[in-house]
Amino acid sequence: MVGNLYIIEKARLDDLIRLLREDGCRVVGPTIRDGAIVFDEIASAEQLPRGWTDVQEAGHYRLERRTDDAYFGYVVGPYSCKRYLFPPRQRLFSITRNGRPLSGFDVDVTSASPPRIAFLGVRACDLAALEIQDRVFNAEYADPYYRDVRRSAVLIAVNCSEPGGTCFCSSMQTGPRCTRLFDLALTELPAAFAAEAGTERGRALLERLSPQPADRNVQHLVELMLESAAEHMGRALDTRELPEILLQNPEHPHWNRVAERCLACANCTLSCPTCFCSNVEDSTDLGGSRAERWRSWGSCFTLEFSYHTGGFSRSSVRARYRQWLTHKLAGWHEQFGMSGCVGCGRCITWCPVGIDVTKEATTIADDVRRADVAERGARERSR
Amino acid sequence: MSAEMTYRPPVISGHERPMVPALARIIDRTVETSNTATYQLELCDPGLAAKFRFRPGQFNMVYAFGVGEAAISICSDPGDCTKFSHTIRHVGSVTFAISRLSPGDCVGVRGPFGSSWPLSACRGRDVLLVAGGIGIAPLRPMIYELLRHRDLYGRLMLLYGVRSPRDMLYREEVEGWMRRRDFQVLTTVDYPDADWSGPVGVVTNLMRRVRVDAARTSVFVCGPRIMNRAAAHSFLAHHVPQEHIFVSLERNMRCGIGQCGHCQYGPKFVCKDGPVFSYASIQHQFSKEEI
Ligand SMILES: Cc1cc2nc3c(=O)[nH]c(=O)nc-3n(C[C@H](O)[C@H](O)[C@H](O)COP(=O)(O)OP(=O)(O)OC[C@H]3O[C@@H](n4cnc5c(N)ncnc54)[C@H](O)[C@@H]3O)c2cc1C
Ligand code: SF4
Ligand code: SF4
Ligand code: FES
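Residues numbered from 1 in each chain as written. Chains lettered and ligands numbered in written order. Predicted model: local features only at pLDDT ≥ 70, side-chain atom pairs only at ≥ 80, totals over all residues. Heavy atoms only, no water.

1. Some points on the site of ligand 1
Then comes step 1: Of all residues adjacent to ligand 1, which total 22 residues, the nearest are Tyr307 of chain A together with Ala71, Thr87, Arg89 and Thr95 of chain B.
Then comes step 2: Chain contributions to the surroundings of ligand 1 come from chains A and B.
Then comes step 3: In the environment of ligand 1, an oxygen atom lies 2.7 Å from a nitrogen or oxygen atom belonging to the backbone of arginine 89 of chain B.
Then comes step 4: The contact in question runs from an oxygen atom of ligand 1 to an N or O atom on the side chain of serine 93 of chain B, over 3.2 Å.
Then comes step 5: Elements supplying a minimum of two residues to the shell around ligand 1: strand E4 (68–73), strand E5 (84–89) and helix H3 (93–99) of chain B.
Then comes step 6: The element contributing the most residues to the shell around ligand 1 is E4 of chain B, with four residues.
Then comes step 7: Grouping the amino acids of the shell around ligand 1 by side-chain chemistry returns 13 nonpolar, six polar and three charged. (Near = heavy atom within 4 Å. Polar contact = N/O pair within 3.5 Å; in protein donor to acceptor, adjacent residues only side chain to side chain. Helix = DSSP H or I, 4+ residues; strand = E, 2+ residues; numbered from the N terminus. Nonpolar A, V, L, I, M, F, W, Y, C, P; charged D, E, K, R; others polar.)

See below:
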């Protein structure tokens, strides 16, 4: 059953949510809040943004009514699974000083037991982002909270048939089809869902939803929808030699032009599903006998992020934007064996001034490629 | 990068969580200079103490109760890890808090982290160490190893520069090294006092006083940023191959385990790919600003 395509009725979506909740999961899925589709806990399919779509452009996000009542007729919002696996603010431990002078500390790491979360409506780009975060937080020195939530997480994915205006997952080879990591992947058809189990857990779930084997026509339709989606991305990025180009051109004049627009507000890093930087803060209570350590999301766009004894490594906005983009599209390959960008488009949509990673990287890369071609031509002529 | 630089002894932390410090007691404190002291520590949990090992060049995250953590090199002899030492210059919140502690008091420790000086790569070669200020601390464990197996190496040289004679760390030990016939130790100061009869000027000036056989010398550098740069560039100019120049770098560190992102230096994490880098591995970014 794993890997085969089935049909389930749309009404089964609510059963799926109920089953997951009965299994002890908090179901986290897309829902409308403050004019945007965010990830939040939901109790029934009614809370999904049924019949809504999102219009996304650089620096622009708006919800609109669809002409149909599709459950998943939109793409990604400002939130991703990151918020649940790597919470924006988290206490790492508390510690109590026993006796005076400092004869010892008692450490307490007991946080609330990590919730079991079923993520519903995860897109292919977000699965890829999860894979990236696994390499950061679940590798040699696993973050205990991330590891526990990740281990028990159920992933109900949704294939994208209508990419958004800032999407470019097909350039980054992460979507629009979900190919791995999911327990269950749904494709929304006009009158039903096509469903594919990716794991035994997914298979067991699917079995409880009265699945019917999908016939050749349905299989063909799903293929066509996803192929067409791949060809209708709102953005594109040519990634050939991009890591080398970016690493070798830190002095390209375009970095200055981006820096003139960038507000260093950090919206891009906060909305990015792969950004993992954090600050670690220690503090004591007023009495000075109890202390805590908190970890909170950090951003390479802030000045203090690069502070070290004797100064700041990246005092200019230019250096900070360059760090961010170069890290995403180049450094990440060396660090984690994959790009740090999954092509979700969030940073483009949520940038208040509409700075666009695909455009900025393309401007630099095209310029360097052109110069390379010109140089090669000149060299050949002089031979 | 050699296998030796990437070999890591197990990381010790509290509650088997990498971000939780393990308790360590200060057993001895030696005042080195007006703002620097060496703290000898022992992990309070005997099980952890028995497991703790480090390689020369590695560092710990040292925690002052409620104030925070700082990355501090381990400066003692790796031949005896039951106790270990940190030489700490008191410059900011965490290190000031530590300066107020006395033997018997506790700090938190996580580590060891990072890469180490590749000792086996310099077997049979001349070894030249260049230290500026507190940069001598991460080189000291290496010196112990080199001297312990002295016959495995060719000529051994240390160039050590400090601001003024009063800022010299491990003074008696350095004088002891100077008396050895198999270890050439040269010191220099920026600001001499009345008693100083040695060289004056930056540490790279000392290079003129040693014979560097570029083909058979491995160089190890740790000091302030400008010193690291000047030293690396003059060794390159002397035709020491990039693969045989090693530099220990400093960046802000909040985790030590490649997760907080603060220590990034181009595509490198200084906390896990470094702090010790071969020049060859960072040549593209070494001289660039604002990386
Ligand atoms: C691998 C490695 C090994 C090291 N080994 C050693 C060692 O062996 N011994 C040693 O003494 N040090 C060592 N260091 C350096 C040590 O980690 C730093 O000096 C550390 O910052 C000290 O922490 P602190 O909290 O005491 O100082 P900080 O609070 O970081 O303060 C340092 C200085 O910066 C100023 N400052 C603080 N915060 C800011 C800010 N936000 N903006 C501007 N200025 C600010 C302070 O006023 C002070 O002058 C090492 C560092 C690394 C990365
Ligand atoms: S860099 Fe932008 S497009 Fe790429 S994964 Fe992050 S938010 Fe999405
Ligand atoms: S690129 Fe845009 S979102 Fe990111 S810091 Fe600059 S202004 Fe903010
Ligand atoms: S110190 Fe946190 S990533 Fe290196």
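From this point, things continue past the structure.
2. Points about the sheet that holds strand E8 (residues 156–162) of chain B
Residue and element names in this part refer to chain B.
Then comes step 1: One open sheet accounts for six strands, arranged E9-E8-E7-E10-E11-E14; its pairing is mixed. Strands with a single pairing partner mark the edges of an open sheet, and in this sheet they are strand E9 (184–189) and strand E14 (276–278). When strand polarity is set aside, the average angle formed by the axes of neighbouring strands in this sheet is 15°.
Then comes step 2: Pairing analysis gives six bridges linking strand E7 (residues 126–132) to E8, with the strands arranged parallel. Bridging across to E8, glycine 132 finds its partner in glycine 161. (Pairing = 2+ DSSP bridges. Axes fitted to C-alpha atoms, helices over the stretch in contact; angles between N-to-C directions.)

3. Remarks on the pattern of salt bridges
Then comes step 1: All told, the structure shown has 47 salt bridges over all chains when counted by the stated rule.
Then comes step 2: A salt bridge links glutamate 162 of chain A to arginine 66 of chain A, with the nearest nitrogen and oxygen atoms 3.0 Å apart. With glutamate 162 of chain A in the loop between strand E9 (154–158) and strand E10 (184–188) and arginine 66 of chain A in the loop between strand E5 (60–65) and helix H2 (82–85), this residue pair connects regions lying 96 residues apart in the sequence.
Then comes step 3: Take glutamate 162 of chain A: its relative accessible area is 43%, and that puts it in the partly exposed class.
Then comes step 4: Between aspartate 182 of chain B and arginine 180 of chain B there is a salt bridge whose closest N-O contact spans 2.9 Å.
Then comes step 5: Residue aspartate 182 of chain B is classed as partly exposed on the basis of its relative accessible area of 27%.
Then comes step 6: Residue class for arginine 180 of chain B comes out partly exposed when judged on its relative accessible area of 32%.
Then comes step 7: In the salt-bridge network here, residues are joined through shared partners; they are Glu9, Arg12, Asp15, Arg18 and Glu22 of chain A. (Salt bridge = Lys/Arg side-chain N within 4 Å of Asp/Glu carboxyl O. Buried < 20%, exposed > 50% of the residue type's maximum accessible area, 1.4 Å probe, protein only.)

4. Points about the packing of helix H8 (residues 254–261) of chain A against helix H12 (residues 357–382) of chain A
Residues and elements named next belong to chain A.
Then comes step 1: Contact geometry for H8 and H12: axes closest at 10 Å, N-to-C directions at 160°. Taken together, H8 and H12 sit at an angle that is classed as roughly antiparallel. Read as a crossing pair, H8 and H12 show a hand that is right-handed. Between H8, through His254, Trp255, Val258 and Arg261, and H12, the contact on the second element is made entirely by Glu360, Thr363 and Ile364. (Parallel < 35°, antiparallel > 145°, perpendicular 65-115°, else oblique. Left-handed = near helix turned anticlockwise from the far one by under 90°. Contact = heavy atoms within 4.5 Å.)

5. Here we look at the nonpolar core
Then comes step 1: Ranked by internal contacts, the top residues of the largest apolar core, which has 119 residues, are Phe119, Tyr321, Trp324 and Leu329 of chain A together with Val130, Leu159 and Phe235 of chain B.
Then comes step 2: Broken down by element, the residue count for this core peaks at nine residues, all from helix H3 (residues 124–137) of chain A. (Core = buried A, V, L, I, M, F, W, Y, C linked by side-chain atoms within 4.5 Å.)

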